[in-house]
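The chain contents come next:
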Amino acid sequence: MNKVKVMTVFGTRPEGIKMAPIVKAMEKVPEIENTICITAQHREMLDQVLELFQIEPDYDLNIFKSGQTLTEITMRALEGLENVIKEVEPDILLIQGDTSTVFAGALAAFYQKVKIGHVEAGLRSGNLYSPYPEEANRKLTGILADFHFAPTETNRKNLLREGYPEEKIFITGNTVIDALHYTVRDDYKFNIPFLDDIDYRNKRIILLTSHRRENIGEPMENIFSAVDHISKKYDDIEVIFPIHLNPKVRNIANKTFKGNQKIHIIEPLDYEPFTNLMARSHLIITDSGGVQEEAPSLGKPVLVVREETERPEGIEAGTARLVGTRYDAIFNFTDLLLSNEKEYIKMAKAANPYGDGKASNRIVDIILGTMG
Ligand code: UD1
Ligand code: UDP
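The structure reproduced in this document is the subject of the present report. (Residues numbered from 1 in each chain as written. Chains lettered and ligands numbered in written order. Predicted model: local features only at pLDDT ≥ 70, side-chain atom pairs only at ≥ 80, totals over all residues. Heavy atoms only, no water.)

### Observations concerning the packing of helix α4 (residues 100–111) against helix α5 (residues 134–144)
Part 1 of the argument: Remark: α4 packs on α5, axes separated minimally by 9 Å, with the N-to-C direction vectors making an angle of 20°. Considering the angle they form, α4 stands roughly parallel to α5. Considering how the two elements wind past one another, α4 and α5 form a crossing that is left-handed. Where α4 approaches α5, its residues S100, V102, F103, A106, L107 and F110 are matched on the opposing element by N137, L140, T141 and L144.
Part 2 of the argument: Split by residue class, the contact of α4 with α5 holds seven nonpolar, three polar and no charged. (Axes fitted to C-alpha atoms, helices over the stretch in contact; angles between N-to-C directions. Helix = DSSP H or I, 4+ residues; strand = E, 2+ residues; numbered from the N terminus. Parallel < 35°, antiparallel > 145°, perpendicular 65-115°, else oblique. Left-handed = near helix turned anticlockwise from the far one by under 90°. Contact = heavy atoms within 4.5 Å. Nonpolar A, V, L, I, M, F, W, Y, C, P; charged D, E, K, R; others polar.)

Printed below as a string of structure tokens:
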């Protein structure tokens, strides 16, 4: 029997996290031969994911350069992937999400007339510039894809509205929930002295992450100054900010949080400690896509500091709130949640709108069923 030749392509931290459970699921299937190619659009931030999930790529394009532009990422990935696709000759190329790696992967496969499976398909904010450039990347990828693995019914409906054929869309859940099941444990010990020493019973931890390109500048200054002022208002609040490696984000953070001892800016955490820190936090303030999906499953209120979200499910479930990027809105809503227990409890409930932790197996079954 001929094996199905899959080529899995990813490049950044969130793609690695969400692709890892699929890679692991494929390892157990003898009918699939999977070749892994990373673009390494991210370097350190991706390498920690590979190590955690014990994934050894067959090809590493190593395209990362500090300060890389969108054009540079896309060109280097496209060129590198062309060569690998020609060598591997896959039956199907799998990509995940909405980064520049994903779009370049789809385009490279299309040029070689290789079938494309798009994991996390159908997310839409409705604004091409927010998130930027991700909304465009996922729409462009959708046009080229043969199989759309949509995490939720909302995502499926978005694709149907755009005219994609029903039989090419599969609701699978989001693989980020599969990954989360792999890492979060009640008895987890960080082995990072600062995180092990926090008095989680008497302190309320706000976990902050922010990195989106469209927030860099005034929106990010607003977010950080609202958090800065909130931390000063409440004695029992400590803010932990595992900061993205982007120097533009670091400059804004260093300027805004200068001298504030209650804001703990730390290096990006590996996925395992990060998710366990989420589980021990009181609330989360973020512009991240993945974090918005993980938090509801952990019963943590999330304030989404963006103007639009392509992930309305958490908001509908009541665990997330789109607060925007204006200072007043962020300060006032955080203040309300910290001072009003009823409001807090309303949001702090576990919900699983993004999946049941079995998305990877579904995707692998669909690949086998359609390509095998
Ligand atoms: C990228 C994705 C975004 C995703 C995010 C996840 C695009 C256009 N953007 O944005 O969709 O949400 O990853 O984090 O694909 N850096 C390092 N080391 C690393 C990674 C990044 O130093 O391992 C620094 C570099 O200075 C780099 C900058 O961060 O220039 C930005 O990285 P880049 O991949 O261009 O964009 P992200 O903002 O990370
Ligand atoms: N994450 C991590 N370490 C951190 C911050 C985030 O491992 O210090 C994980 C997080 O759990 C989520 C993913 O990285 O799964 C989200 O990545 P990011 O916010 O960079 O990208 P996005 O999801 O917005 O594309």
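Additional details are given in the paragraphs that follow.
### Some thoughts on the side chain of D287
Part 1 of the argument: As for its position among the elements, D287 is in the loop between β11 (283–286) and α12 (289–297).
Part 2 of the argument: At 5.0 Å, R212 is the nearest oppositely charged side chain to D287, a buried residue that forms no salt bridge.
Part 3 of the argument: Among residues more than four places away in sequence, those in contact with D287 are T209, S210, H211, R212, N215, V305 and R306. (Buried < 20%, exposed > 50% of the residue type's maximum accessible area, 1.4 Å probe, protein only. Lys, Arg positive; Asp, Glu negative; His and termini not counted. Salt bridge = Lys/Arg side-chain N within 4 Å of Asp/Glu carboxyl O.)

### Comments concerning the site of ligand 2
Part 1 of the argument: Ligand 2 sits among 17 residues. The nearest are L269, S288, G289, G290 and E294.
Part 2 of the argument: The contact in question runs from an oxygen atom of ligand 2 to an N or O atom on the side chain of E294, over 2.5 Å.
Part 3 of the argument: In the complex, the protein chains occlude 95% of the 540 Å² of accessible area that ligand 2 would expose alone.
Part 4 of the argument: Residue assignment for the shell around ligand 2 shows that the elements contributing at least two residues are α1 (13–27), α11 (271–280) and α12.
Part 5 of the argument: It is α12 that contributes the most residues to the shell around ligand 2, four residues altogether.
Part 6 of the argument: Residues of the shell around ligand 2, tallied by class, amount to eight nonpolar, five polar and four charged. (Near = heavy atom within 4 Å. Polar contact = N/O pair within 3.5 Å; in protein donor to acceptor, adjacent residues only side chain to side chain. Areas by Shrake-Rupley, 256 points an atom, 1.4 Å probe, with all protein chains shown as cover.)

### Quick word on the site of ligand 1
Part 1 of the argument: Taken together, 25 residues form the shell around ligand 1, and within it Q41, H42, G67, S100 and E134 come nearest.
Part 2 of the argument: Contact distances for ligand 1 include 2.7 Å between an oxygen atom and a side-chain N or O atom of H42.
Part 3 of the argument: Protein chains shield 95% of the accessible area of ligand 1, which is 750 Å² for the free molecule.
Part 4 of the argument: For the shell around ligand 1, the secondary structure elements donating two or more residues are α2 (44–52) and α3 (70–88).
Part 5 of the argument: Considered class by class, the residues forming the shell around ligand 1 number eight nonpolar, eleven polar and six charged.

### Description of the nonpolar core
Part 1 of the argument: In this structure, V6, I22, I32, L94, F149 and I367 are the most contacted members of the largest nonpolar core, which totals 36 residues.
Part 2 of the argument: Looking at this core, the elements with two or more residues in it are β1 (4–10), α1, β2 (32–38), α2, β4 (92–96), β6 (147–150), α7 (175–183) and α16 (359–371).
Part 3 of the argument: Looking at this core, the element that brings in the most residues is α1, giving seven residues.
Part 4 of the argument: Core analysis: the next-biggest nonpolar cluster, separate from the first, contains 29 residues, I206, L208, F224 and V323 among them. (Core = buried A, V, L, I, M, F, W, Y, C linked by side-chain atoms within 4.5 Å.)

### Structural notes on the sheet that holds β1
Part 1 of the argument: Pairing is parallel across the open sheet formed by seven strands, whose spatial order is β3-β2-β1-β4-β5-β6-β7. In this open sheet, the two strands that pair with only one neighbour each are β3 (59–60) and β7 (169–171).
Part 2 of the argument: Judged from the seven bridges that link them, β1 and β2 form a sheet pairing that is parallel. Considered in β2, the bridge of K5 is made with E33.
Part 3 of the argument: On the sheet, α5 packs against β4, β5 (115–119) and β6 and is oriented at approximately 140° with respect to β5. (Pairing = 2+ DSSP bridges.)

Worth remembering: the numbers are spatial, not functional.
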